[in-house]
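# A structural walkthrough
Given next are the chains, with one letter for each unit.
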Amino acid sequence: MKKLLALMLAAALALSLTACGGGGGTEDNSTPSTGNGDTTSTGTPSSGEDSANTDTPDDGEDSTTDIHKVGDTVESELGLYRFTLKDATFTRNILVCRGEKADKETFRKAEEFFTATDEPFVDEDGYVIEGIHGFGIGADKDDVYLYFNLEVEFIGKEERTFGTQDLQPSVSYGDYKFTSDYMSFYREIKEDALWSNFDSDFDSISTVRALGLEIGYFNGTFKPLSSPPIEIRGVIRVPKAVAEHTDDDVVISFAGKDFIVE
């Protein structure tokens, strides 16, 4: 009898302890408490948790440190272009062509067409030097040219009709940005390709005629799997203070990709 009474008392005690738990042991206590009511997890955030404070961006996230150097090959945003910035340099003079005649046959095969140069185009008496064709900005002016040479391959899967806007050069210097006053020429990257005007924001028609080139603008359309790679050579006009860049880096951008100009 005493044994039966002891068993009944033990069972009653066990039932009372279970009732005091207030939840039958189903509460998830996996998140540690900090002691002040803060239950922030000290581990890796779950897939539904805000992870904005993580130091490393997720794959595919745009990084503000995505800066490239001259010579790098990159793909633009949205997978439209693959391009290489072959050259970017400040200059006051552009060598259009070296040859006996300034005509389109000279430009057709001229590797020196539209390149930055330190060579003068006039002699001490102010006469044009024979066989050298070009233009420049006087040393007394407050602007200089930032010359660029860009190779572009269209890799988009749908026709793109905004090619000229996509590849318009943009120059940044600290908080300053320059997007106008540029001119450029292009050719398909193949033997004997003719240079033609790509696009411009200033009076390029008179310049094209003065250079002896046939006026023929790129219409801004790229077609998938059929548009050949092209080479673009051009200049964008910027203040002389940008060329000196004593306070900050100079960055030239195409289709959303940035390159530091050394």
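Residues numbered from 1 in each chain as written. Predicted model: local features only at pLDDT ≥ 70, side-chain atom pairs only at ≥ 80, totals over all residues. Heavy atoms only, no water.

## Details of the pairing of strand 11 (residues 196-200)
Among the 5 residues that make up strand 11, 4 are buried, leaving the element largely enclosed by the rest of the structure. One ladder, built from 4 bridges, connects strand 10 (residues 182-188) with strand 11; its direction is antiparallel. Note on strand 11: the bridge partner recorded for phenylalanine 185 is asparagine 197. (Buried < 20%, exposed > 50% of the residue type's maximum accessible area, 1.4 Å probe, protein only. Helix = DSSP H or I, 4+ residues; strand = E, 2+ residues; numbered from the N terminus. Pairing = 2+ DSSP bridges.)

## Observations regarding the confidence of the model for the chain
Detailed reading of the predicted coordinates is not advisable wherever pLDDT is low. Overall, the prediction assigns the chain a mean pLDDT of 74, with 65% of residues at 70 or greater. Below pLDDT 50 for its whole length, residues 1-65 participates in 8 contacts with residues either more than four positions away or in separate chains. (pLDDT = per-residue confidence, 0-100. Contact = heavy atoms within 4.5 Å.)

## Remarks on the sheet that holds strand 13 (residues 250-254)
Strand order in the open sheet formed by 5 strands is 1-14-13-8-9, with mixed pairing between adjacent strands. Because the sheet does not close on itself, it has two edges, and the strands there are strand 1 (67-69) and strand 9 (176-178). Adjacent strand axes in the sheet meet at a mean angle of 30° when their direction is disregarded. Of the strand pairs in this sheet, strand 1 and strand 14 (residues 257-261) are connected by 3 bridges, and their pairing is parallel. Opposite lysine 69, over in strand 14, you have isoleucine 260 as the bridge partner. (Axes fitted to C-alpha atoms, helices over the stretch in contact; angles between N-to-C directions.)

## Considering the environment of glutamate 188
In this fold, glutamate 188 is placed in strand 10. Expressed as a C-alpha distance, the spacing of glutamate 188 and glutamate 231, which sit 43 residues apart in the sequence, is 6.3 Å. Discounting residues that sit within four places of it in the chain, glutamate 188 has contacts with Ala193, Pro228, Pro229 and Ile230.

## Comments concerning the sheet that holds strand 2 (residues 73-75)
Taken together, the 6 strands give an open sheet; going across it, the order is 2-3-7-12-10-11, and neighbouring strands pair in antiparallel fashion. Of all strands in the sheet, those bounded by a partner on one side alone are strand 2 and strand 11. Adjacent strand axes in the sheet meet at a mean angle of 30° when their direction is disregarded. As defined by bridge partners, strand 2 adjoins strand 3 (residues 81-91) across 3 bridges and the pair is classed as antiparallel. Counterpart to threonine 73 in the pairing with strand 3 is threonine 84.

## Overview of the nonpolar core
Counting residues in hydrophobic clusters, the biggest one holds 31 residues, and the most contacted among them are Phe83, Leu85, Leu150, Val152, Val171, Ile232 and Ile252. Sorting the residues of this core by element identifies strand 3, strand 7 (143-154), strand 8 (170-173), strand 10, strand 12 (230-239), helix 5 (240-244), strand 13 and strand 14 as the ones contributing at least two each. By residue number, the principal contributor to this core is strand 7, which donates 6 residues. Contact partners of phenylalanine 83, with chain neighbours within four places excluded, come to Asp72, Thr73, Val74, Ser76, Leu150, Glu151, Val152, Phe254, Ala255, Lys257 and Phe259. Phe113, Phe135, Tyr147 and Val235 belong to the second largest nonpolar core, which has 13 residues in total. (Core = buried A, V, L, I, M, F, W, Y, C linked by side-chain atoms within 4.5 Å.)

## Looking at the environment of valine 152
Its place among the elements puts valine 152 in strand 7. Sequence-distant contacts of valine 152, that is, excluding residues within four places in its chain, are made with Tyr81, Arg82, Phe83, Leu167, Pro229, Ile230 and Ile232.

## Comments concerning the packing of aromatic side chains
Tallied over the entire structure, the rule returns 15 aromatic pairs. Summarising the aromatic geometry, the rings of phenylalanine 83 and phenylalanine 259 are spaced 6.2 Å apart at their centres and angled 55° between planes, so their arrangement reads as tilted. Here phenylalanine 259 lies in strand 14 and phenylalanine 83 lies in strand 3, a separation of 176 residues in the sequence. Here phenylalanine 83 matches phenylalanine 259 in class, with each residue buried. (Phe/Tyr/Trp six-rings, centres within 6.5 Å; stacked < 30°, edge-to-face > 60°.)

## Side note on the pattern of salt bridges
Summed over all chains, the structure comprises 9 salt bridges. Notably, a salt bridge pairs glutamate 77 with lysine 257, separated by 3.4 Å at the nearest N-O pair. Of the two residues, glutamate 77 sits in the loop between strand 2 and strand 3 while lysine 257 sits in strand 14, which places them 180 residues apart along the sequence. A residue is classified by how much of its surface remains accessible, and glutamate 77, at 41% relative accessible area, is partly exposed. (Salt bridge = Lys/Arg side-chain N within 4 Å of Asp/Glu carboxyl O.)

## Details of a negative patch on the surface
On the surface, a cluster of negative charge is contributed by Asp175, Asp247, Asp248, Asp249 and Glu262. Looking at the secondary structure, you find glutamate 262 in the segment after strand 14. With a relative accessible area of 70%, glutamate 262 lands in the exposed category. (Patch = residues over 30% accessible without salt bridge, like charges linked within 9 Å, V, L, I, M, F, W, Y side chains within 5 Å. Areas by Shrake-Rupley, 256 points an atom, 1.4 Å probe, with all protein chains shown as cover. Lys, Arg positive; Asp, Glu negative; His and termini not counted. Charge placed at Lys NZ, Arg CZ, Asp CG, Glu CD.)

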